[in-house]
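Report on the structure
Take a look at the letters that make up each chain.
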Amino acid sequence: MRGRSGKEWPRKIRLRDVSLYVDAVGHGEPLVVMHGGPSGDLWTMAAFRRCADRHTLVFYDHRCNGRSVGVPVSSMTWDNLTADADALRNHLGFERWAVLGHSFGGHVALEHALRYPERVSRLVLLDTGADSRWARENAPRVVAGRGFGPAKVELVRRWFHGEFTPREYLPIFWRISDAYVHGSGVRFLARVLAEGGWRSRVRPEALIFAGQELLAGWSVLDRLAEISVPTLVMAGRQDFVFPPECQQELADRIPGARLVIVDDAGHNPHDEKPDQVLRELRKFLGPGGGTT
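Residues numbered from 1 in each chain as written. Predicted model: local features only at pLDDT ≥ 70, side-chain atom pairs only at ≥ 80, totals over all residues. Heavy atoms only, no water.

What to know about helix H7 (residues 204-214)
- Across the eleven residues of H7, eight count as buried, placing the element largely inside the fold.
- Pro204, Ala206, Leu207, Ile208, Phe209, Ala210, Gly211 and Leu214 are the residues of H7 that are buried.
- Looking at the packing, one finds that the buried side of H7 touches helix H1 (78-92), helix H2 (104-115), helix H3 (133-145), helix H4 (150-161) and helix H5 (169-180). (Buried < 20%, exposed > 50% of the residue type's maximum accessible area, 1.4 Å probe, protein only. Helix = DSSP H or I, 4+ residues; strand = E, 2+ residues; numbered from the N terminus. Contact = heavy atoms within 4.5 Å.)

Here is the structure:
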């Protein structure tokens, strides 16, 4: 497809020391969409492409994720992840943009909003948290409390601590995937594939590095009060990674944040309950599409 400049999208854009894989669609005020993982890519956020009628949507793969290449995984630091995003914003010619981050992408979104507050117009935090303890310590407890066996609980712990090899990535993911979804995993998978998930390229090394290094001890809880832009906090009620009490923590600490809990949805409500998620997103962004 072609963007506003007439150039083909998606494409790779060389910024700083990395080649970022970027897709831009739609028209209107800009909204950057940050994917989760790490190890995922922009195609996991395809459900939001429906907002292209009101927004210029910017999807991209974080460095060392998806099809973004050119740097070692050790370069995946908060400084670099947020500077990449700001360099992309500048390259595309936007003074400010609304920022939406899912899961790990929500961590990047929080760090980005704290480091570049003058460049963020609105903030959407989707199934994420401000402290790594939720995934690393609480998620195994939640899985155990929901009746999953000790073997699966241990796999969840290893998953979020990066204690696996690249070859183990897919086998572990498939064994714990039912914890991510509320209800039928078949319907969920069918919707993801239909939206473009079949194009996804996983990078296990990114999740391993994050679990062992990047997310060990990470927290921005004490800085959330610094966020001054309008913020929407939204998540699935059955999310085992960032459950409702985590969302309440975010909403309580970010001044004026709006909290929406999506019933009958797990970690990916944009795929499980897309109509509701997009309705809430449009309501939050409003006619201005993310401007303040």
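Regarding the sheet that holds strand S4 (residues 55-60)
- Here eight strands make up an open sheet; going across it, the order is S1-S2-S4-S3-S5-S6-S7-S8 and the pairing mixed. Strands at the two margins of the open sheet, each flanked by one partner only, are strand S1 (11-15) and strand S8 (258-262). Between one strand and the next, the sheet's axes are offset by a mean angle of 25°, whatever the strand orientation.
- Of the strand pairs in this sheet, strand S3 (residues 29-34) and strand S5 (residues 97-102) are connected by four bridges, and their pairing is parallel. Within S5, the position partnered with Leu31 by the bridge is Ala98.
- Across the face of the sheet, H2 comes into contact with S3, S5 and strand S6 (120-126) while running at roughly 145° to S5.
- The sheet strands contacting helix H10 (residues 274-285) are S3, S4, S5, S6, strand S7 (231-236) and S8, and the helix crosses S8 at an angle near 170°. (Pairing = 2+ DSSP bridges. Axes fitted to C-alpha atoms, helices over the stretch in contact; angles between N-to-C directions.)

Comments concerning the nonpolar core
- Residues Leu88, Leu110, Leu123 and Leu224 are the most contacted members of the largest nonpolar core, which totals 49 residues.
- Aside from chain neighbours lying at most four places away, what touches Leu123 is Val99, Ala109, Leu110, Ala113, Ile227, Val229, Pro230, Thr231, Leu232 and Phe284.
- Val25, Leu42, Ala52 and Leu100 belong to the second-largest nonpolar core, a separate cluster that totals 26 residues. (Core = buried A, V, L, I, M, F, W, Y, C linked by side-chain atoms within 4.5 Å.)

Describing the pattern of salt bridges
- Evaluated as defined, the whole model comprises 21 salt bridges.
- With a shortest N-O distance of 2.3 Å, Arg115 and Asp79 are connected by a salt bridge. Linking Arg115 in helix H2 with Asp79 in helix H1, this pair joins segments that are 36 residues apart in sequence.
- For Arg89, the salt bridge goes to Asp86, with nearest N and O atoms at 2.9 Å. Within this pair, Arg89 and its partner Asp86 are both found in helix H1, separated by three residues, close to a single helical turn.
- One network of salt bridges, in which partners are shared, links Arg16, Asp17, Arg63 and Asp84. (Salt bridge = Lys/Arg side-chain N within 4 Å of Asp/Glu carboxyl O.)

A few points about the packing of aromatic side chains
- In this structure the tally under the stated criterion is eleven aromatic pairs.
- Aromatic pair Phe164 and Tyr169: ring centres 6.3 Å apart, planes at 50°, arrangement tilted.
- The rings of Trp159, Phe160, Phe164, Tyr169, Phe173, Trp174, Tyr180 and Phe240 are connected pair by pair, giving a single aromatic cluster.
- The residue whose ring lies beneath Arg49 is Phe59, and the NZ or CZ to ring-centre distance is 5.4 Å. (Phe/Tyr/Trp six-rings, centres within 6.5 Å; stacked < 30°, edge-to-face > 60°. Lys NZ or Arg CZ within 6 Å of the ring centre and 35° of its normal.)

Some words on the side chain of Asp23
- With respect to the secondary-structure elements, Asp23 resides in strand S2 (residues 18-26).
- Judged by relative accessible area, which is 0%, Asp23 ranks as buried.
- Looking at Asp23, its side chain comes within polar contact range of the side chain of Arg49, at 2.9 Å. (Polar contact = N/O pair within 3.5 Å; in protein donor to acceptor, adjacent residues only side chain to side chain.)

Quick notes on the pairing of S2
- Counting buried residues along S2, eight of its nine residues qualify, which places the element largely inside the surrounding structure.
- Once S1 ends, the chain turns through two residues before running back antiparallel as S2, passing Arg16 with a positive phi of about 55°.

Topic: the environment of Leu15
- Locating Leu15 in the fold gives a position in strand S1.
- Residues Leu15 and Leu88, 73 residues apart in the sequence, show an inter-C-alpha distance of 7.2 Å.
- For Leu15, the residues in contact, after removing those within four places along its chain, are Leu20, Asp84, Ala87, Leu88 and His91.

Here we look at the packing of H4 against H5
- Viewed as axis vectors pointing N to C, H4 and H5 meet at an angle of 115°, and their least axial separation amounts to 10 Å. The angle between H4 and H5 places the two elements in the roughly perpendicular class. Considering the relative orientation of H4 and H5, their crossing is left-handed. The segment H4 lies against H5, with Ala151, Lys152, Leu155, Val156, Arg158, Trp159 and Phe160 engaging Tyr169, Ile172, Phe173, Arg175, Ile176, Asp178 and Tyr180.
- Here the contact of H4 with H5 is built from residues that sort into ten nonpolar, no polar and four charged. (Parallel < 35°, antiparallel > 145°, perpendicular 65-115°, else oblique. Left-handed = near helix turned anticlockwise from the far one by under 90°. Nonpolar A, V, L, I, M, F, W, Y, C, P; charged D, E, K, R; others polar.)

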